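Here are the chains, one letter per residue:
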Amino acid sequence: MANQVPDRAQVVIIGGGVHGCSVAYHLAKQGWTDVVLLERKQLTCGTTWHAAGLVGRLRGDTLSTEFASYGTEIIEELEAETGQTTGFRQTGSVTVARFPDRMRQLRRQIDFARLFDIEAREIGHDEIKERYPLVNLDGVAGGVWIPSNGSINPVDLTTALIKGARGRGVQVFEDTKVEEVVVENGRVTGVRTDKGHIQADVVVNTAGMWARELGRQNGVEIPLHACAHYYLVTEAIPDLPKDLPVLRSYDDATYFKEDAGKLLVGFGHRIVVPYGEDGIPEDFSFDSLPFVEEHVMDVMEEALERVPVLQETGIRTFFNGPESFTHDGRATIGEAPDIKGYFILAGVNSTGIQCGAGAGRALAEWIVNGKPMRDLSGVDPARLESFQAGDAYLQQRAPETLALSYALHYPHHQRHTARGIRKTPFHHLLKDRGAYFGESMGWERPAWYAPAGAEAKAEYSFGRANWFEYAQAEQQAAREAVAIIDYSPMGKTEVEGKDAESFLQRMCTNNMAIAPGRLAYTLMLNEDGGIETDMTVARHAEDRFIVTSSTGRRRRDLNRLRDHINPGEDVRIRDVTTAYAALSVMGPKSRALLSSLTDADLSNEAFPFNSGKTIRIGYAEVWVQRLSYSGELGFELYMTPDLAEHVFDTIMAKQDEYGIRLLGTDALNALRIDKGYLHWGTDMAYMEAPHQLGVEFLCKTKKDIPFIGRDAYLTLKEKAQGPFLCAIKLNNAEPLLFGREPVLRNGEVLGSINSAAYSYIQGTATGLCLLDLPEGASGKADLEDGHYQVLIEGEAVDATVSLRGFYDPQSKKLLS
């Protein structure tokens, strides 16, 4: 290995763990061989070397399942190419459940496996004992067998990846510290190391525990923090089968892996502490952390009960090593939002060995092609708010992520750490009226309301949760009277300047040449015709527009708009989210309610759908726009925060007269699914095109200024390839949908549920799903034929599919 770093490389990768080596390998495999990998000490010396090496193909979401599946598929090819064994053993895995709810969760995981052709099946006591003779089955309700799972040697896997990269020309330099990523005019130009400067077009931060601090040097926000993570290795156990499968007992927060005649016992902690609050030590290399007995003794005792041979076996090693966890349990993969050429792969929440090959391939694809080649929206660095990369926040949230890794993953579960960060002007008013708050991007948002005399406390369940009837009543009010939801956290971006209209014409698919006082729902597409976002644009003046985005899209939409201002364009963009409080008032009596509070004419003739104007409610001036996400007649009210309480009180004084009910996000989700309305990141992302989702009407392809992605969209529309969005409802009123359930047509899997709820008006569980065309179909209209079922906890439940939302498909209520 040469000691002198080169003066230039096409790509510089910082960090020699499994991720850095995977990116290097996959770049080289795709023909990018002018790559330099820099490691501050030695390869694998941070976290990779002490990973437990579990390999499980079936993960909790589509993306990580694809990553993990690829990680097993590539092993044979990688070993043959490099001659380096990875230590992969496909022994299978047994997961046991103590509690009925855990068994329900596992059955849903078995259903999910159908989407990927992964064999997974429920097994009883006899087969559990046959496959894992050491297990104590006391208190075990059942289990799951996945034959394709197993284990791997993390160092050998990493060695094989970097050997394959070197064989294609990648240069590797150990004991080389990157002191600075050099950025000029918003673009990476290279790195400065303790051995010299390297010019580069692309820099990849795969620095593991150090990634956050490295990113901060350039203002790049990476939401991870190291946490202490324990496992132990026993002394040799006589006659221990070498083909023993991996055993997981989530309810005991433990896992067990045969390791060269010994057992490795790992822990999904209930007590978690952050590590490196003052930074990771400069000399950290192949280090471990002190063993703190009280952090693991509760789960250790359960491990001794679950596998009793441990009670008579000595312990060779108690190991405590740091691993990186994020605020939301998702990795960070992609290009930094504010620096071109700065890429990140970090914060994988203890799945680096399972998902490292797939994640490295995905990032390499993005670098080579200049765009993501699969849906990485959920792990995009642009997804977070700035405070979510701060130490104080991460030192609470990251440990909670680790603690939740083996917890029951109930639908609608809410985090309990780092709460109360962002509150709207209505917060205390809603809390006093029984709001149970969920959290999104730090915002406290009512999920549902407990009635008077009931405690606003969630009791999670895979059945009807304790707030089920409350949310049904909220839906009923929206359909029959008036419902009101706090819209203040919605992203609001002001676009102004003499070129604002032409700029938005270029950015947006819909026609932005609208008169002041008019609105347009629109998409923004990427150059490939995929949907970057959906949003509402209101024209307030000739040179001023307000763009409204979903709470989770605020920052991404703001960045995208700013990034596309051309030199010389008179366009000014600023975030005005917190400048306005907002309420959405919906329901068949909403016009009558608001008309009783203002002198303004809100009739359909004077104030049609997609209109906006300033009115007075009480003493306050309020911008009102005729829109609704519920499918009902509705109005959105925007006011300055100082007047928010007054407006709210003025409206709620009419509560009894008009049957007003406060509405939470759970009920709103059901209402919009009824109507077939979309939610970006759930029903669509940048890999889907408008024709797939039934929103071609938003694409004005003949306007004078073509929108970004127009030609690509037209090509995709002409090809008419799926999958296509459909509405679905169960023909049985009892089962519940939560999302990810496979959808079957004539017994064959066509897709899965994206959005799900229980509809008051339909009297059953409903959802939106993306479905592939069946064999022999001539177009998406054929999707409405056939016998549909949804897999729910192993049962195939009959269902009805429609190409449009089931509620008011002609929009008569919305437009009346």
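Preceding this section is the structure that the text describes.
Given the structure is predicted, the values throughout are model-derived calculations rather than measurements.

Caption draft 1: Focus on the overall build of the protein. A count of helical and extended segments in the protein gives 21 helices and 37 strands. Over its C-alpha trace the protein gives a radius of gyration of 28 Å, about what one expects of a compact globule, namely 28 Å for 816 residues. The principal-axis extents of the C-alpha atoms in the protein amount to approximately 85 × 65 × 55 Å. Looking at the protein as a whole, 60% of its 816 residues are labelled buried. Excluding contacts between residues fewer than 6 apart, the proportion of contacts in the protein whose partners are at least 24 apart in sequence is 72%. In the structure as shown, the protein presents an accessible area of about 30800 Å², 46% of it carried by carbon and sulfur atoms. Distance from the positive charge centre (85 side chains) to the negative charge centre (113 side chains) of the protein: 4 Å.

Caption draft 2: The state of the cysteines, seen in detail. In total, this model carries zero disulfides according to the counting rule given. We note that Cys21 lacks a disulfide partner, and the nearest cysteine sulfur, in Cys45, lies 11 Å from it. Distance from the sulfur of Cys726, which forms no disulfide, to the nearest cysteine sulfur (Cys769) is 5.3 Å.

Caption draft 3: A look at unusual backbone geometry. In this structure, Pro723 follows Gly722 across a cis peptide bond, with omega equal to 5°. Relative to the elements of secondary structure, Pro723 occurs in the loop between helix H20 (710–719) and strand E32 (724–730). Of note in this structure, Arg740 is not a glycine but carries a positive phi near 85°. Within the fold, Arg740 resides in the loop between E32 and strand E33 (742–745).

Caption draft 4: Just the packing of helix H1 (residues 18–29) against helix H6 (residues 154–167), in detail. Following both chains from N to C, one finds H1 and H6 inclined at 30°, their axes separated by 8 Å at the closest point. For the element pair H1 / H6, the angle class is roughly parallel. As H1 runs across H6, the sense of the crossing is left-handed. Of the residues in H6, those touching H1 at Val18, Cys21, Ser22, Ala24, Tyr25 and Ala28 are Leu157, Thr158, Leu161, Ile162, Gly164 and Ala165. In terms of residue class, the contact of H1 with H6 is made up of nine nonpolar, three polar and no charged.

Caption draft 5: Structural detail: the packing of helix H2 (residues 62–73) against helix H9 (residues 352–369). One can describe the packing of H2 onto H9 by two numbers: an axis separation of 6 Å at closest approach and a directional angle of 105°. Our classification of the angle between H2 and H9 gives roughly perpendicular. Listed contacts from H9 to Ser64, Phe67, Ala68, Tyr70 and Gly71 of H2 are Gln354, Cys355, Ala357, Gly358, Ala359, Arg361 and Ala362. Of the residues assigned to the contact of H2 with H9, the class counts are seven nonpolar, four polar and one charged.

Caption draft 6: Looking closely at the sheet that holds strand E36 (residues 788–792). Strand order in the closed barrel made by the six strands is E32-E35-E34-E33-E36-E37, with antiparallel pairing throughout. Direction aside, the axes of adjacent strands within the sheet are offset by 40° on average. Here four bridges tie E33 to strand E34 (residues 748–759), and the two strands are oriented antiparallel to one another. Following the sheet pairing, Val743 is matched in E34 by Gly751.

About the cut-offs
- Residues numbered from 1 in each chain as written.
- Predicted model: local features only at pLDDT ≥ 70, side-chain atom pairs only at ≥ 80, totals over all residues.
- Heavy atoms only, no water.
- Helix = DSSP H or I, 4+ residues; strand = E, 2+ residues; numbered from the N terminus.
- Rg over C-alpha atoms; globule rule 2.2 N^0.38 Å.
- Buried < 20%, exposed > 50% of the residue type's maximum accessible area, 1.4 Å probe, protein only.
- Contact = heavy atoms within 4.5 Å.
- Areas by Shrake-Rupley, 256 points an atom, 1.4 Å probe, with all protein chains shown as cover.
- Lys, Arg positive; Asp, Glu negative; His and termini not counted.
- Charge placed at Lys NZ, Arg CZ, Asp CG, Glu CD.
- Disulfide = S-S within 2.5 Å.
- Axes fitted to C-alpha atoms, helices over the stretch in contact; angles between N-to-C directions.
- Parallel < 35°, antiparallel > 145°, perpendicular 65-115°, else oblique.
- Left-handed = near helix turned anticlockwise from the far one by under 90°.
- Nonpolar A, V, L, I, M, F, W, Y, C, P; charged D, E, K, R; others polar.
- Pairing = 2+ DSSP bridges.

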